[in-house]
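# Breakdown of the fold
Spelled out, the chains give:
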Amino acid sequence: KKKKKKKKKNSGDVMGHKTLTRMDLSEAIFREVGLSRNDAAQMVESVLDHMSDALVEGEQVKISSFGTFSVRDKTARVGRNPKTGEEVPINPRRVLTFRPSHLMKDRVAAGNKS
């Protein structure tokens, strides 16, 4: 009698699309670099902390062949409630933007065939 293989439940699976998580990144470092699982997880956290800290300080985070994360200051403006047409003030705020590199755009457009 054959045992049925249990499908690994993926909490990041939304409508057929997988989500790459911190755990996935640290697992990849563990397998491909050879660091311990603990060290790999610490490395991922450290990189994300450095990126977050730089963005909080208003710096750009540029990762070659991947893209650029930056923070934009948006000014106050008047918006409109689309349902009622009522004008609503929108407060000034900081927003995080990501601009993919040309290589990343090409790779995604090609469906990662390489």
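The structure under discussion appears in the preceding block.
Description of the structure in this document. (Residues numbered from 1 in each chain as written. Predicted model: local features only at pLDDT ≥ 70, side-chain atom pairs only at ≥ 80, totals over all residues. Heavy atoms only, no water.)

### Some thoughts on the environment of alanine 76
Operational definition: In this text, helices come from DSSP runs of H or I with a minimum length of four residues, and strands from runs of E with a minimum of two, each type numbered from the N-terminal end. With a 1.4 Å probe rolled over the protein chains alone, any residue whose accessible area is under 20% of its type maximum counts as buried; one over 50% counts as exposed, and the rest are partly exposed. Contacts between residues were defined by any pair of non-hydrogen atoms, one from each residue, lying within 4.5 Å.
Here alanine 76 is to be found in the loop between β2 (67–74) and β3 (77–80). Taking the relative accessible area as the measure of exposure, alanine 76 reaches 51% and is therefore exposed. Alanine 76 sits 17 residues away from arginine 93 along the chain, and the two C-alpha atoms are 7.7 Å apart. Those residues within four positions of alanine 76 in sequence are excluded, and the remaining contacts are Ile90, Asn91 and Pro92.

### Points about the sheet that holds β2
We count it as follows: When DSSP finds two or more bridges between two strands, those strands count as paired. An axis is simply a line fitted to the C-alpha atoms; with a helix, the fit covers only the stretch in contact. Between two such axes, the angle follows the N-to-C directions and lies from 0 to 180 degrees.
Across the sheet, three strands lie side by side as β1-β2-β5; this open sheet has antiparallel pairing. This sheet does not close on itself; its edge strands, each paired only once, are β1 (61–63) and β5 (93–100). Ignoring strand direction, the axes of neighbouring strands in this sheet form an average angle of 20 degrees. Both β1 and β2 contribute to a ladder of three bridges, which runs antiparallel. When the sheet's bridge partners are listed, valine 61 is paired in β2 with phenylalanine 69.

### Things to note about unusual backbone geometry
Trans peptide bonds make up most of the peptide bonds, and negative phi angles are found at most residues other than glycine. The backbone of serine 65 shows a phi angle near 65 degrees, a positive value even though the residue is not glycine. Mapped onto the elements, serine 65 comes out in the loop between β1 and β2.

### Comments concerning the packing of helix α1 (residues 22–33) against helix α2 (residues 37–56)
Short version of the rule: Each angle receives one of four descriptions, namely roughly parallel if under 35 degrees, roughly antiparallel if over 145, roughly perpendicular if within 65 to 115, and oblique otherwise. The handedness criterion is simple: a crossing whose near helix is rotated anticlockwise from the far helix by less than a right angle is left-handed, and one whose near helix is rotated clockwise is right-handed. Three residue categories are used. Nonpolar comprises Ala, Val, Leu, Ile, Met, Phe, Trp, Tyr, Cys and Pro, charged comprises Asp, Glu, Lys and Arg, and polar comprises the others, including Gly.
Contact geometry of α1 with α2 gives a least axis separation of 8 Å together with a crossing angle of 125 degrees. In terms of their interaxial angle, α1 and α2 are classed as oblique. Of the two possible hands of crossing, α1 and α2 adopt the one that is right-handed. Where α1 abuts α2, its residues Arg22, Leu25, Ser26, Glu27, Ile29 and Phe30 lie against Arg37, Ala40, Ala41, Met43, Val44, Glu45 and Leu48. The residue inventory of the contact of α1 with α2, partitioned by class, reads eight nonpolar, one polar and four charged.

### With respect to the pairing of β3
Where β3 lies against strand β4 (residues 87–90), four bridges are found, and the strand directions are antiparallel. Residue pairing across strands places glycine 79 opposite valine 88, the latter belonging to β4.

### Brief notes about the packing of aromatic side chains
Inclusion rule: When the centres of two rings from Phe, Tyr and Trp lie within 6.5 Å, Trp using its six-membered ring, the rings pair. Their planes under 30 degrees apart give stacked, over 60 give edge-to-face, and anything left gives tilted. Definition used: whenever NZ (Lys) or CZ (Arg) falls within 6 Å of the ring centre and also within 35 degrees of the ring normal, the charge is taken to sit over that ring.
In the structure shown here, the tally under the stated rule is two aromatic pairs. Pairing phenylalanine 66 with phenylalanine 98 gives two aromatic rings, centres 5.6 Å apart and planes at 55 degrees, and the pair type is tilted. Of this pair, phenylalanine 66 sits in the loop between β1 and β2 while phenylalanine 98 sits in strand β5; the two residues are 32 residues apart in sequence, bridging distant segments of the chain. Overall, the relative accessible area of 35% leaves phenylalanine 66 in the partly exposed class. Judged by its relative accessible area of 36%, phenylalanine 98 is partly exposed. Measuring from ring centre to ring centre gives 4.7 Å for phenylalanine 69 and phenylalanine 98, while their planes differ by 45 degrees; the resulting arrangement is tilted. Residue phenylalanine 69 is found in strand β2, and its partner phenylalanine 98 is found in strand β5; the two are separated by 29 residues along the sequence. For the cation-ring pair, arginine 37 lies above phenylalanine 30, with the distance from its terminal atom to the ring centre recorded as 4.0 Å.

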